[in-house]
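Per-entry structural report
The primary structure of each chain is shown beneath.
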Amino acid sequence: MSLDEIHHVRTPEASAPDDSATDGPAPDPSAPDSSAPDGTAPGAAIPRRGGWAALRPLFLRLHFYAGLLIAPLLFLAAATGLLYAGSWQAEKILYADELTVARVGDAVRPLSAQVEAARGAAPRGEVLSVWPAPDAEATTRVIMESPGLPEGETLTVFVDPYTAEVRGQLATVGDALPLRAWLSEFHSSLQLGESGRIYSELAASWLWVVALGGLGLWIGRRRKRKAELVLPDRKATGRRRTLSWHGTVGLWAVAGLVLLSATGLTWSKYAGENIGQLQDGLGGATPAVSAALAPGAAAGGADEHAGHIPQTPSGGTPRTEGMEMPPAAPTADIGIDRAVEAARAAGVTESLQVTLPAKGKGYVVKEKDKQVPVHLDAVALDPADGRVLDELRFADYPVLAQLTRFGIDLHMGLTFGLANQLALAALAVAVMFLVFWGYRMWWLRRPTKDRKLSAGRAQPRGAWRKLPVTALLPLAAVTALVGWFIPLLGISLLVFLAVDVLLGFVASRRRGAAAV
């Protein structure tokens, strides 16, 4: 029995012609409960169908429950993501004094002079790295570790490269200034710390399921005109009009939504660990340049076996037990200006980040230009003579590591600059409208036979019983595997099933009591 044959109950648009199963009217609350699927008598044999006809009712029910229960989290993630997408341009306005020079000069002061100016402005800070001005109007950033700042934050002093005048100081997280840093944390955890990350991981875990499930349902619909697949039906009214907008906007947005879901999961706590282990197992770990000086060697002796060391999940290098302690910080130092010259001579030239020597390590000069065409090469230098200790080219990254880098930067709005940020904003707005239209359809699908408050009901239970065993077993195996790999998806799906079984049990008890 198809969904078109469900007992008819008058709905707000019952007079509209129906050309699809998804446009069917809401089931009558007084009709037999759907725990016996489609009105099938208890104990009767359930007809089994193959192909999409068998899967579609199951997808409808899953899409209904996921949309109904997870949609608030998706809406929240989209709203906070919209704010984050706008933060890139907002910080250019809000922090213009710190980010730009008052007047472009004729000659740039040495980086060492700029660093000394920053030290004078923040004498308690310890310089970690320096970001030379990337263009003529930009300031130099001197990144410091400063007492009193929360974990993960650093003090950034902004210096005019032409006058060595300090333009300001801000507490930053990575390259994010205060506004974007706050909005980034708000998007990922609602400023609730580790526990708040569950919301964003749950949203990312379900986003691809809802998006791909909706795509399958929309493409599989029966329609009179093929154009209605990609364009809203402007002649439709009521729920059919809402469904038309919901489906076409979802169709155009689905690729971006799946990308956001996949890349968002890489940041997550539980699924992110599994993704990291899988990436490492496939040889796709992101490499890092090694700046370690040879143990026991004086500064100036490069290790000829220095290689690319895969980063740990925290971003550092793997811990090596039983090794000799690294030597003390080198006394000979060519200085930051000569280090930058040596890096440029080695081909590291664009949008630099210079990490100063630390105990047992030399200079690390990296490119940090993540906008296409990207420049992400890096080189490590001996602080005594500027000799190259190690070098790493982005072109030499494993393909999986390159794809991960591109995916994360797309998610953050970096890869294509302003166009990327506008696309993210458009996707965020699309998700919010999709959620609104979904709830509107749910409301319009409610029975109107009486005036009491009611809402739309889900598709009938028992759809899985109609699947042939050859489809049911692989589907169950894939679902279990995905639920294990993406834990919050698996746990929440089990909760949905438990609630569904409980509701079916309660409805069955009510029917039994009514029959007596």
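Let us look at the structure shown here. Keep in mind it's a predicted model, so treat the numbers as computed, not measured. By convention here, each chain's residues receive numbers from 1 onward along its written sequence. Local features in a predicted model are, by the rule used here, given only for residues with pLDDT of at least 70; side-chain atom pairs are given and counted only at 80 or more, and totals for whole chains, interfaces and linings are based on all residues. With hydrogens and water stripped out, all remaining heavy atoms of the structure feed into the side-chain values.

**As for the pairing of strand β9 (residues 378-381)**
What counts, and what does not: Partly exposed residues are those whose accessible area sits between 20% and 50% of the maximum for their type, while under 20% is buried and over 50% is exposed, using a 1.4 Å probe and protein chains only. The secondary structure listing takes helices from DSSP runs of H or I that are at least 4 residues long and strands from runs of E that are at least 2 residues long, numbered from the N terminus. Whether two strands pair depends on DSSP finding at least two bridges between them.
By the alternation rule, side chains of β9 split into Ala378 and Ala380 and Val379 and Leu381, which are all buried. Relative to strand β10 (residues 388-392), β9 is paired through four bridges, and the arrangement is antiparallel. Each bridged residue has a counterpart across the sheet, and for Val379 the counterpart in β10 is Glu391.

**What to know about the packing of helix α4 (residues 178-189) against helix α5 (residues 197-219)**
Selection rule: Note on geometry: axes are C-alpha line fits, over the in-contact stretch for helices, and angles between N-to-C directions span 0 to 180 degrees. Angles below 35 degrees are treated as roughly parallel, those above 145 as roughly antiparallel, those between 65 and 115 as roughly perpendicular, and all remaining angles as oblique. Here a residue-residue contact requires only that any non-hydrogen atoms of the pair lie within 4.5 Å. In this count, Pro and Cys sit with the nonpolar residues alongside Ala, Val, Leu, Ile, Met, Phe, Trp and Tyr, while Asp, Glu, Lys and Arg are called charged and the others, Gly among them, polar.
Where α4 contacts α5, the axes come no closer than 6 Å and their chain directions differ by 65 degrees. In terms of axis orientation, α4 runs roughly perpendicular to α5. For the pair α4 and α5, the contacting residues are Phe186, His187, Ser188 and Ser189 in the first and Arg197, Tyr199 and Ser200 in the second. Tallied by class, the residues present in the contact of α4 with α5 amount to two nonpolar, four polar and one charged.

**Concerning empty space enclosed by the protein**
As a reminder of what qualifies: Within this scheme a cavity is a closed region of a 1 Å grid, computed over the protein atoms alone, that accommodates a 1.4 Å probe without allowing it to escape, whereas a pocket is open but has protein on both sides within 12 Å along at least five of seven lines; lining residues each have an atom within 4 Å of a point. Grid points are joined across faces, edges and corners, and a volume is the space filled by probe spheres set on the points.
All chains considered together, the criterion is met by three cavities of 30 Å³ or more. Volume-wise, the largest cavity comes out at about 770 Å³. Residue lining of the largest cavity: 33 residues in total, with His63, Phe64, His246, Gly438 and Met441 positioned closest to the centre. Elements that contribute at least two residues to the lining of the largest cavity include exactly α1 (51-94), α5, α6 (238-267) and α10 (418-444). Sorting elements by how many residues they give to the lining of the largest cavity places α6 first, with eight residues.

**Quick look at a nonpolar patch on the surface**
Test applied: Exposure above 30% relative accessible area and the lack of any salt bridge qualify a residue for a patch; like charges then connect within 9 Å, and the nonpolar side chains Val, Leu, Ile, Met, Phe, Trp and Tyr within 5 Å. For the area figures, the Shrake-Rupley method with a 1.4 Å probe applies, and any residue is considered shielded solely by the protein chains shown. The salt bridge definition used is simple: a Lys or Arg side-chain nitrogen within 4 Å of an Asp or Glu carboxyl oxygen.
On the surface, Leu278, Leu282, Val399, Leu400 and Leu403 cluster together to form a nonpolar patch covering roughly 490 Å² of accessible area. Of the residues forming the nonpolar patch, the biggest block, three residues, is contributed by helix α9 (residues 399-412).

**Here we look at the nonpolar core**
To keep it simple, the criterion reads: Residue types Ala, Val, Leu, Ile, Met, Phe, Trp, Tyr and Cys, when buried and joined through side-chain atoms within 4.5 Å, form a set referred to as a nonpolar core.
Ranked by internal contacts, the top residues of the largest apolar core, which has 37 residues, are Ile70, Leu74, Trp206, Leu257, Leu265 and Val431. Elements supplying a minimum of two residues to this core: α1, α5, α6, α7 (270-281), α10 and α12 (487-515). Of the residues forming this core, the biggest block, ten residues, is contributed by α10. One finds Ala118, Ile334, Ala343 and Leu356 within the second-largest nonpolar core, a separate group that totals 24 residues.

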